[in-house]
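Structure assessment
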Amino acid sequence: MSLKAVLFDFNGIIINDESIHQKLIEDILLSENLVLKPGEYEEVCLGRSDRACLRDILSNRGRVVSEDDLTKLLLRKAQSYAVELEKLEKLPLYIGLDDLIFQLRARNIKLGIVSGAIRQEIEVVLERSHLTEIFPVIVAGDDITTSKPEPDGYKLAVQLLNQTYPQLNLQPKDCLAIEDTPPGILAAKRAGMQVVGVANTYPFHMLQRQANWTIDYFTDLELERVQEICNQSGDLSEEQKDTSP
């Protein structure tokens, strides 16, 4: 195999906005006369789609909501998200992201996003950050019916990349995923991909047990080394799985 594509998670990987999302989920629940319990957001929402997050929280309260009602809540959240971002003078993108993207593009590695956030939220960030053209393939939470740790989003991303670049002949083993949560790491692995875990949201030691590589910051990623190992074999040894470049 050879490294042909890198698929980024979005929240917690491209933008440091988890506190905004938690506030907006809290606001939605308050509008429903409900309160987010301590630790509930971390347990139910981190690494999962907004739809799955809201559905499970409401279900835990005995509330049964239709998919249409969930969609309305998510659209309302997306509008509030855009308002919150407008208040920020500078978007909290992660340090080292620009340089990593530059290195990947210099190697002609294709880029995509696989996220549980709805497309409207992703696009507003990419447009403001001038990254829209950098990510021609986006799989958002409203493109699939399942949530990470299910692999459907990553599988769909491979299909879309092959449609965008017919000559690529991309297979899951040719992809590297960049994730910050256990559900995201598991989703990519279930899709047949190798994964870099970035300790933005969870402790390094927790991700190290699950990802093929674990780093604290993008600047720690030795892309040349990762690419070399990927090009050697699609199956990493247990020793290599615990290696941090």
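Structure first, text after, so check above.
Now for a quick tour of the structure.

In this structure, Leu 7, Ile 57, Tyr 154 and Met 193 are the most contacted members of the largest nonpolar core, which totals 42 residues. Contact partners of Leu 7, with chain neighbours within four places excluded, come to Gly 112, Val 114, Tyr 154, Ala 157, Leu 161, Cys 175, Leu 176, Ala 177, Ile 178 and Met 193.

The next thing to look at is the pairing of strand S2 (residues 110-114). Across the 5 residues that make up S2, a large majority, 5, are buried. With burial as the criterion, each face of S2 is covered, one bearing Lys 110, Gly 112 and Val 114 and the other bearing Leu 111 and Ile 113. As judged from the 4 bridges shared by strand S1 (residues 5-8) and S2, these two strands associate in the parallel manner. Note that in S2 the partner of Leu 7 across the bridge is Gly 112. Relative to strand S3 (residues 137-139), S2 is paired through 3 bridges, and the arrangement is parallel. Across the sheet, the residue bridging to Ile 113 is Ile 138, located in S3.

With that settled, consider the pattern of salt bridges. This structure, assessed with the given rule, holds 17 salt bridges. When the shortest N-O distance is used, the salt bridge between Lys 23 and Asp 27 registers 3.0 Å. Taken together, the positions of Lys 23 and Asp 27, both in helix H1 (residues 18-31) and 4 residues apart, correspond to about one turn of that helix. Take Lys 23: its relative accessible area is 38%, and that puts it in the partly exposed class. Taking relative accessible area as the criterion, Asp 27 reaches 33% and is therefore assigned partly exposed. For Arg 55, the salt bridge is made with Glu 67, and the minimal N-O distance between the two is 3.1 Å. Remark: Glu 67 occurs in helix H4 (residues 67-86) and Arg 55 occurs in helix H3 (residues 50-60); sequence separation between them is 12 residues. Under the relative-accessibility criterion, Arg 55 is labelled partly exposed at 28%. The structure contains a network of salt bridges with shared partners spanning Lys 23, Asp 27, Glu 84 and Lys 87.

About the cut-offs
- For every chain, the first residue of the written sequence is number 1, and numbering continues from 1 along that sequence.
- pLDDT decides what is reported in this predicted model: residues at 70 or higher carry local features, side-chain atom pairs at 80 or more are listed and counted, and totals for whole chains, interfaces and linings draw on all residues regardless.
- Side-chain measures here rest on the full set of heavy atoms in the structure, leaving out hydrogens and waters.
- We call a set of buried Ala, Val, Leu, Ile, Met, Phe, Trp, Tyr and Cys residues a nonpolar core when their side-chain atoms join them within 4.5 Å.
- Only protein chains enter the accessibility calculation, which uses a 1.4 Å probe; a residue whose area is less than 20% of its type maximum is buried, one above 50% is exposed, and one in between is partly exposed.
- Two residues qualify as a contact provided that any one of their heavy atoms is within 4.5 Å of a heavy atom in the partner residue.
- Helix and strand assignments come from DSSP, with helices taken as H or I runs of at least 4 residues and strands as E runs of at least 2, each series counted from the N terminus.
- Here, any two strands with at least 2 DSSP bridges between them count as paired.
- Any carboxyl oxygen of Asp or Glu that lies within 4 Å of a side-chain nitrogen of Lys or Arg is treated as forming a salt bridge with it.

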